[in-house]
Amino acid sequence: MTVEAKSVPVPVIVASEEMQAVRRRALRRQRLNRGMIYVVAIALAIWIILPIYLIGSMALSSPAGVRTYPKAIFPFTDISFDTMSFFLQSEGILPGVINSIVVALITLVLSTLIAAPAGYAISRYIFPGRDFYRLAILGVRAFPVIVLAVPLAVLFIRLGLFDQVHSVALMHTALTLPTTVLVIGSVFASIPYELEEAAMVHGATPLQAFRRVIVPLVLPGIAASAIFTFVMSWNEVFAASILTLENRTLPAQVLNALNKSSPEFQFAGGFFMLIPSLIFIFFIRRYLFNMWGQVTK
Amino acid sequence: MAEIVIENAVKKFGNFFAVNNVSLTINDQEFMVLLGPSGCGKTTLLRSIAGLGMLDSGRIMIGGRDVTYMPPRERNLAMVFQSYAIFPHMTVYDNVAFGLKMRKVDPTETKRRVQQAAELLHIEKMLDRYPSRMSGGQRQRVAVARAIAVQSEVLLMDEPLSNLDALLRLEMRAELKRLLAELKVTTIYVTHDQIEAMSMGDRIAVMRDGIIQQVDKPNAVYDTPADRFVGGFIGNPPMNFIEGQVSAQNGSVNVHIGDFAITPPEGIVPALKPFEGQSVIIGIRAENIETFTKPTDNAMKVQVLVVEPLGSQNLLTIKIGTSIVKVATHPDFPAAPDGDIWLRFPIDKVRWLHRDSQKALAPV
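Within each chain, residue numbers correspond to sequence positions counted from 1 in written order. All chains are assigned letters beginning with A, and all ligands numbers beginning with 1, in the order in which they are written. This being a predicted model, a pLDDT of at least 70 is required before a residue's local features are given, and a value of 80 or more before pairs of side-chain atoms are given or counted; all residues contribute to the totals for chains, interfaces and linings. Hydrogens and water are ignored here; the side-chain numbers use all heavy atoms of the structure.

## Some remarks on the interface of chain B and chain A
We call two residues in contact when some of their heavy atoms are within 4.5 Å. Listed as interface residues are 22 residues of chain B and, on the opposing side, 17 residues of chain A. When chain B packs against chain A, the two sides together hide about 1800 Å² of surface, and 68% of this comes from carbon and sulfur. Buried area: the accessible surface (1.4 Å probe) lost by two parts on joining, summed over both. A per-residue breakdown of the area chain B buries against chain A is headed by B:Arg73, B:His89 and B:Met102, which together make up 32% of the total. The term salt bridge refers to a pairing of a side-chain nitrogen on Lys or Arg with a carboxyl oxygen on Asp or Glu at a separation within 4 Å. Where A:Glu197 meets B:Arg47, a salt bridge forms, and the shortest distance between an N and an O atom there is 2.6 Å. Identification of polar contacts relies on pairs of N or O atoms within 3.5 Å, with a donor-acceptor requirement for protein atoms, meaning one able to donate a hydrogen and the other able to accept it, and with residues adjacent in sequence counted only if both atoms are side-chain atoms. Joining chain B to chain A, the criterion identifies 5 residue pairs in polar contact (both at pLDDT 80 or more). Broken down by secondary-structure element, the contributors of at least two residues to the side of chain B that touches chain A are α1 (42-50), β6 (77-80), α2 (92-102) and α4 (136-149) of chain B. Grouping the constituent residues of the side of chain B that touches chain A by class yields 15 nonpolar, 3 polar and 4 charged. Secondary structure elements are defined from DSSP: runs of H or I of at least 4 residues count as helices, runs of E of at least 2 residues count as strands, and each element is numbered from the N terminus. Residue polarity follows a fixed list, in which Ala, Val, Leu, Ile, Met, Phe, Trp, Tyr, Cys and Pro are nonpolar, Asp, Glu, Lys and Arg are charged, and the others, Gly among them, are polar.

Next comes the structure, spelled out in structure tokens:
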């Protein structure tokens, strides 16, 4: 038996004047709320973007352009790399860049090597003192860097480690570990343990299960935390300037030269320091959100 | 041959006995269902068999081998997880082939078996896909294909259908049953769904609080539950339980519900006799109670409280003494709320239970 579709007349509902007014008010309120959110978001964005824009535009103009006043409305119109090349050729900058990269790489390797097993442990195992351990990890960040750096400088002088890139890397590892442990821990926690069990039931050893199932799944997260470590170390200035004299990292070198340098040097330095962070944020924002509990998939 | 023998298995979490001295034998190629409410220890027992949790004491034998202390990979079994546990970074092909690769099966044989398993589960056209682009039902099929591809003699399933929607579950239930009958593997299937247990199992082991209450064929568990818990857990609506007084006069034993007397069958009389003057529990299924619209021999007059039309039957709610009783009738049976009807309990369908232990009294 087939039932033919009959066209049913749609009843036209005419709302009363009063109801229409209520409806209009509700709609207006909704639009207003949404508008407010945009206004706040745009204000926040400008607050962040404007300084970056100004530094960038200054760094990419000619030295003369930096000093002229009033500025052009669109500062990027006369792009010139003179300012940047002046900065890069200044004394101590190139060794500083090399030092910074070496320190950041050592920090990255050490931090990841320590944080990966630690993160795995706090996400997978329940052991006595787990919660305390989790809290204690953050404890390092509770002390101002100066409180840690000055005694460390004394210790390093005694041990003969002072003024070396390795000692700065050790300090940076200590500073970045809390974040990396927690980030990697949350990455491991997001992978169901059942996946490991499924692998083991179907013939894998625990090591094989880890290598074939867990590692491929956590690799993007660990990579993100590694980049994060790199940028933290790249930007860290305080400990670096206390722990070194001759072998300064780039931020320490720039800070040291800041007082006695021209505006174009300052702009170029600021902009150069900024680039890695921007690239980093672009790549790992997904994982940063994950860290704060927002599900992005 | 893969007979599974569990002897005195105990698994504790702190002071809590998740599995409390369980002994169970699952025959070769048998489909055994572990059924029970959540927290009864059925999944814990299954995981112990898989090797994912070690027993505190007891022994597990698979095919004559003592596997109690073996890691999962040496037990030669496959498992389907409740959450499917499909590897998200592998294609369907690699997922299904995983067990074979781990067992170092040669590539052409691997390919053949993956193809075969995929065809059995109708996913042969999706072998190149990643699980993230599949529906729940399809992922479930991948999980089953991965488990059967290794062709182990033992297959463990942990609530494999519970994450599917109702219609899909119905479809997969029948499909799984056919598939497993074909494969001739020894299967242990954990579920809290009594309909799944009834419809799929060769035998059902009903668990509660870490203890197996009854192991028997589905119909036997349904018709002759070992205790009040089993009768109440299996069946929808649950079995009715009514308290009755035992009396003995002139050598004949009767059980009274109010003024109404039931004469128990010969076989049970010796078991009931010791309870003379005390009460026992009468258990009867809703569909076994006969209903009449007018006074009939051996029928008791009751008042209908609620009538629920369910399509294939009408479910009546009736109060007898202090007990609420559910009675299933043909949809044509004229019953109205507050109306009187007459009920008869066919004595061969009645279970007699001890009032305190709530266990069934055995016919002597």
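Moving on from the model shown.
## A look at unusual backbone geometry
All names here are of chain B. A cis amide bond links Asn 236 with the next residue in sequence, Pro 237, at an omega value of 5°. When you line up the elements, Pro 237 lands in the loop between α8 (228-233) and β11 (240-249). One non-glycine residue, Tyr 84, adopts positive backbone phi at about 75°. Note on placement: Tyr 84 falls in the loop between β6 and α2. Each residue is placed in one exposure class: buried if its accessible area under a 1.4 Å probe, protein chains only, is under 20% of its type's maximum, exposed if it is over 50%, and partly exposed if it falls in between. On the basis of relative accessibility, which here comes to 7%, the residue Tyr 84 falls in the buried class. Although it is not a glycine, Ala 85 sits at a positive phi angle of roughly 50°. Along the chain, the position of Ala 85 falls in the loop between β6 and α2.

## A word on the nonpolar core
Residue and element names in this part refer to chain B. By convention a nonpolar core is built from buried Ala, Val, Leu, Ile, Met, Phe, Trp, Tyr and Cys residues, the set being connected through side-chain atoms within 4.5 Å. If you look at the biggest cluster of nonpolar residues, it comprises 58 residues, and the most contacted ones within it are Leu 45 and Leu 156. Filtering out sequence-adjacent residues up to four positions away, Leu 45 remains in contact with Ile 6, Ala 9, Val 19, Val 22, Leu 34 and Met 207. Of all hydrophobic cores here, the second largest spans 47 residues; its members include Ile 148, Ala 149, Ile 204 and Val 221.

## Overview of the packing of aromatic side chains
Centre distance and the angle of the planes are the two values used to describe a pair of aromatic rings. For Phe, Tyr and Trp, rings pair up if their centres lie within 6.5 Å, where Trp contributes its six-membered ring, and each pair is then called stacked (planes under 30 degrees apart), edge-to-face (over 60) or tilted (otherwise). Considering all chains together, one arrives at 12 aromatic pairs over all chains under this definition. A ring pair is formed by A:Tyr120 and A:Phe188, whose centres lie 5.0 Å apart and whose planes are at 85°; its orientation type is edge-to-face. Of this pair, A:Tyr120 sits in helix α4 (residues 93-124) while A:Phe188 sits in helix α7 (residues 165-189), and the two are 68 residues apart along the sequence. Judged by relative accessible area, A:Tyr120 falls into the buried class, the value being 13%. By relative accessible area, A:Phe188 is classed as buried at 2%. Aromatic side chains B:Phe229 and B:Phe233 sit 5.6 Å apart centroid to centroid with 15° between the ring planes, which places their arrangement in the stacked category. Linking B:Phe229 with B:Phe233, this pair stays in helix α8, spanning 4 residues, or about one helical turn. B:Phe233 shares its class with B:Phe229; the two are buried. Taken together, the aromatic side chains of A:Phe87, A:Phe230, A:Trp234, A:Phe265 and A:Phe272 make up a single cluster linked through ring pairs. Put simply, a charge is over a ring when the Lys NZ or the Arg CZ is close to the ring centre, within 6 Å, and near the line of the ring normal, within 35 degrees. One residue, B:Arg146, lies across the ring of B:Phe87, its end atom 4.8 Å from the ring centre. The side chain of B:Arg285 reaches across the aromatic face of B:Tyr222, ending 3.9 Å from its centre.

## Thoughts on the pairing of strand β1 (residues 4-13) of chain B
Looking along a regular strand, one sees the side chains alternate between the two faces of the sheet. All names here are of chain B. Bridging between β1 and strand β4 (residues 57-62) involves 5 bridges; their strand directions are antiparallel. By the bridge assignment for β4, Ile 6 is matched with Ile 60. Two strands are counted as paired when DSSP detects at least two bridges linking them. As defined by bridge partners, β1 adjoins strand β2 (residues 16-26) across 8 bridges and the pair is classed as antiparallel. By the bridge assignment, Val 5 is partnered in β2 with Thr 25. Taking the residues between adjacent antiparallel strands as the criterion, β1 and β2 are bridged by 2 residues, where Gly 14 takes a positive phi near 65°.

## Some points on the sheet that holds strand β5 (residues 65-66) of chain B
Residues and elements named next belong to chain B. Reading across the sheet, the 4 strands line up as β2-β1-β4-β5 and stay open at both edges, with antiparallel pairing between neighbours. Two strands lie at the open edges of the sheet, namely β2 and β5, each paired on one side alone. Most of the contacts of α1 go to β1, to which it runs at about 115°, and overall it touches β1, β2 and β4. Fitted lines through C-alpha atoms serve as axes, helices being fitted only where they are in contact, and the angles separating the N-to-C directions of these axes extend from 0 to 180 degrees.

## Quick notes on the side chain of B:Thr68
All names here are of chain B. Note that Thr 68 resides in the loop between β5 and β6. Exposure remark for Thr 68: the relative accessible area of 4% places this residue in the buried category. Beyond its immediate stretch of four places on either side in the chain, Thr 68 contacts Met 54, Gly 58, Arg 59, Ile 60 and Arg 75.

## As for the sheet that holds strand β3 (residues 31-35) of chain B
All names here are of chain B. The strand order across the open sheet formed by 6 strands is β6-β7-β8-β3-β9-β10, and the pairing between neighbours is mixed. Edge positions in the sheet fall to β6 and β10 (211-216), since each has one partner strand and no second. When the angles between neighbouring strand axes are averaged without regard to direction, this sheet yields 15°. Strand direction decides the pairing type here: β6 and strand β7 (residues 154-158), joined by 4 bridges, are parallel. Residue pairing across strands places Met 79 opposite Leu 156, the latter belonging to β7. Sheet strands in contact with α4 are β6 and β7, and its direction is about 175° off that of β6. Relative to β7, helix α5 (residues 166-183) is tilted by about 165°, and along the sheet it contacts β3, β7 and β8 (186-191).

## Some remarks on the domain arrangement of chain A
Residues and elements named next belong to chain A. Split by domain assignment, chain A resolves into domain 1 (21-78) and domain 2 (90-291). Marked domain ranges trace back to an automatic or database domain assignment. Summarising the inter-unit geometry, the C-alpha centres of domain 1 and domain 2 are found 32 Å apart. Taken together, the contacts link 9 residues of domain 1 with 8 residues of domain 2. Here domain 1 meets domain 2 over a buried area of about 730 Å², counting both sides, of which 85% is carbon and sulfur.

## Comments concerning the confidence of the model for chain A
All names here are of chain A. pLDDT expresses, on a scale from 0 to 100, how confident the predictor is about each individual residue. The share of residues in chain A with pLDDT of 70 or more is 88%, and the mean pLDDT across the chain is 82. Element-level mean pLDDT values for chain A span from 71 in helix α2 (residues 63-67) up to 93 in helix α8 (residues 193-201). For residues 291-297, every residue scores under 50 in pLDDT, and the model assigns this stretch 8 contacts once sequence neighbours within four places are set aside.

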